[in-house]
Amino acid sequence: MGELEHTPLYEEHKALGARLVDFAGYEMPVQYEGIKAEHDAVRNHAGLFDVSHMGEAVFRGPDAEAAVQRLVTRDVGRLDVGQAGYCAVCYEDGGTVDDVIVYRREDDFLIVVNASNREKDLDHFRNNTEDLDVEIADESDDWALLALQGPEAEKLLQDLTDTDLSALKPFRFAEGELEGVAAIISRTGYTGEDGFEIYLSPEGAPRVWRRLIDLGVSPAGLGARDTLRLEAGMCLYGNELDAETTPLEAGIGFAVHLDKEPHFIGQRALLIEDTQGLRKKLVGFEMEGRGIARHGYHVTSGAEVVGEVTSGTKSPTLDQAIGLAFVDPGVDDWFEILIRSNPVPAKAVPLPFYKRERG
Amino acid sequence: MSIPDDLQYTKSHEWVRAEDGTVTIGITDHAQEELGDVVFVELPDVGVTIGTGDSFGTVESVKAVSDLYTPVGGEVVEVNSSLEDAPEKINDDPYGEGWIVKLSTSEEADLLSPEEYEKVVEEES
């Protein structure tokens, strides 16, 4: 194993007593106080995540828009400057390369990619746009990324900036300053709560981090990030999405514009699947019997294996074992999860498991 | 991290209290810290016989599933069924209210002393 990389907040994590683990080649905090306490802090107050391991690719040049249009499933021509969109990146056969957020800026496009897919994505982006006049820069090391999430996020962050955050709607972003540090402030997140993702220079990030911690924000690790996103019914690449899974199967059809022109890579395959029907479908489920479903467990109906669990945990908010699974399209709402050779009853439920009340 | 003097231990981070032909088994303070918030415990049925080194249940935290192993074979005479509703007792009081199972046994187990177990923990970290 090679040397693990560190984010600009590494010293902060050590000082806070975080438990650090290898994640996508980075030494990252999985928890500080404890996953449940951090999860509850985000649901009820505010939590601060270091997600600087995420990758940033910037598309510049006359054909920047044409390149992005070719690569992502959403029609980014419909995005305003200052607007962001969640989308998938697909192979020709419709399988998923990654799920990303595209930011439309004045002169370029910023695409934020999963850390574990960074090199694969950059290769895919460049290999498929060689005929276009576009420069694709990997700026992953030029940005720190903090996620401030929770019902108190806006009030807390407003103390640090002149940018009017109340005017920033979901999936809108503004370029401004925080504590005198240049920042992109984006009203996005991965927790099901209101909140912001904040792009900063690596040098300035610790100052902003410390200020927010001093204001009483709970540091939160990757453990809570996973339970929060799962309750919110959001996909995790590697669990719900991969090269063998299309975005339609993973339930993120809302991020796919099947009628898009110019066409994106994989559009034909997705149109065919949309017409002919899905090969598998993602369902949310709750355990009816005792036990917790985990990634990789089989879904059964009688003696037959009809699917596989992609993510599962005990939901801290609902105090209920929940999970996501791919099942055969014909499977009804009652099935079993095979937990250590025991079939334990489960039932399909609508997603998301948790939806915040909008104020 | 606490390692009480009056208990014996296993390399797989269980503690054992042996008294008059029964052994009480739980997981150590180090083990519960490593696991994090315990949210689920799977217990064996009373009356079942378990062989030396066998898995007799699981402890699950939010993130991880961890099997429980017995260093001595025997018959399950009592389980801490209060853990089904309050698994967090394993975090709060691993050597007391967080005990997991009692076995009746006639076997002599090959167990670690507190000093030996402390070395195991140090070597792992």
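Residues numbered from 1 in each chain as written. Chains lettered and ligands numbered in written order. Predicted model: local features only at pLDDT ≥ 70, side-chain atom pairs only at ≥ 80, totals over all residues.

A.B. asks: Can you explain the pairing of strand β14 (residues 281-287) of chain A? Please cite residues and give values.
C.D. replies: All names here are of chain A. Counting buried positions over the seven residues of β14 gives five, a clear majority of the element. Both β14 and strand β17 (residues 320-327) contribute to a ladder of six bridges, which runs antiparallel. Note that in β17 the partner of Lys281 across the bridge is Val327. As defined by bridge partners, β14 adjoins strand β19 (residues 342-349) across four bridges and the pair is classed as antiparallel. Within the sheet, the bridge partner assigned to Met287 lies in β19 and is Ala346. (Buried ≥ 20, exposed ≤ 12 C-beta atoms within 10 Å, placed from the backbone. Helix = DSSP H or I, 4+ residues; strand = E, 2+ residues; numbered from the N terminus. Pairing = 2+ DSSP bridges.)

A.B. asks: Describe the environment of Leu178 of chain A, listing the residues and the values that go with them.
C.D. replies: Residue and element names in this part refer to chain A. Looking at where Leu178 falls in the secondary structure, it is placed in strand β10 (residues 173-178). In this structure, the C-alpha to C-alpha distance between Leu178 and Glu92, residues 86 residues apart in sequence, is 42 Å. In contact with Leu178, not counting residues within four places along its chain, are Leu160, Thr161, Ala183, Ile198 and Val208. (Contact = placed C-beta atoms within 7 Å.)

A.B. asks: Lay out the nonpolar core with the relevant residues and their values.
C.D. replies: Residue and element names in this part refer to chain A. Val102, Leu146 and Leu148 are the most contacted members of the largest nonpolar core, which has 116 residues in total. Considering every element that reaches this core, the biggest residue donor is β17, with six residues. Apart from the residues lying within four places of it in its own chain, the contact partners of Val102 are Val68, Val72, Arg74, Val76, Ala84, Gly85, Cys87, Phe109 and Ile111. (Core = buried A, V, L, I, M, F, W, Y, C linked by C-beta atoms within 7 Å.)

A.B. asks: Can you explain the pairing of β19 of chain A? Please cite residues and give values.
C.D. replies: All names here are of chain A. As defined by bridge partners, strand β18 (residues 334-339) adjoins β19 across six bridges and the pair is classed as antiparallel. Within β19, the position partnered with Ile337 by the bridge is Val344. Between β18 and β19, which pair antiparallel one after the other, the connecting turn spans two residues, and Arg340 there sits at a positive phi close to 45°.

A.B. asks: Describe the confidence of the model for chain B, and please don't skip the residues or the numbers.
C.D. replies: Averaged over chain B, the pLDDT score is 94; the fraction of residues at 70 or greater is 100%. The complex model carries a pTM of 0.94, and its ipTM stands at 0.85. (pLDDT = per-residue confidence, 0-100.)

A.B. asks: Go over the domain arrangement of chain A, please, and point to the residues and values.
C.D. replies: Residues and elements named next belong to chain A. You can read the domains of chain A as domain 1 (10-52 + 143-231), domain 2 (55-139) and domain 3 (280-359). Relative placement of domain 1 and domain 3: their C-alpha centres are 30 Å apart. The partner domain 3 presents ten residues to the nine residues of domain 1 that form the contact. The biggest single contributor to the side of domain 1 that touches domain 3 is helix α2 (residues 35-44), with four residues. Residues of the side of domain 1 that touches domain 3, tallied by class, amount to one nonpolar, three polar and five charged. (Domains from an automatic or database assignment. Nonpolar A, V, L, I, M, F, W, Y, C, P; charged D, E, K, R; others polar.)

A.B. asks: Give a description of the sheet that holds strand β11 (residues 181-186) of chain A that names residues and reports values.
C.D. replies: Sheets are built from strands paired through backbone hydrogen bonds, the pairs being either parallel or antiparallel. Residue and element names in this part refer to chain A. Spatially, six strands are ordered β10-β11-β12-β9-β3-β13 in an open sheet, and the strand pairing comes out mixed. Of all strands in the sheet, those bounded by a partner on one side alone are β10 and β13 (218-219). As judged from the four bridges shared by β11 and strand β12 (residues 195-200), these two strands associate in the antiparallel manner. Bridging from a neighbouring strand, Ser186 pairs with Glu197 of β12. Contacting β3 (47-50), β9 (144-149) and β13, α2 runs over the sheet at an angle of about 115° to β3. Those strands touched by helix α6 (residues 205-214) are β3, β9, β10, β11, β12 and β13, and its axis lies near 20° from that of β9. (Axes fitted to C-alpha atoms, helices over the stretch in contact; angles between N-to-C directions.)

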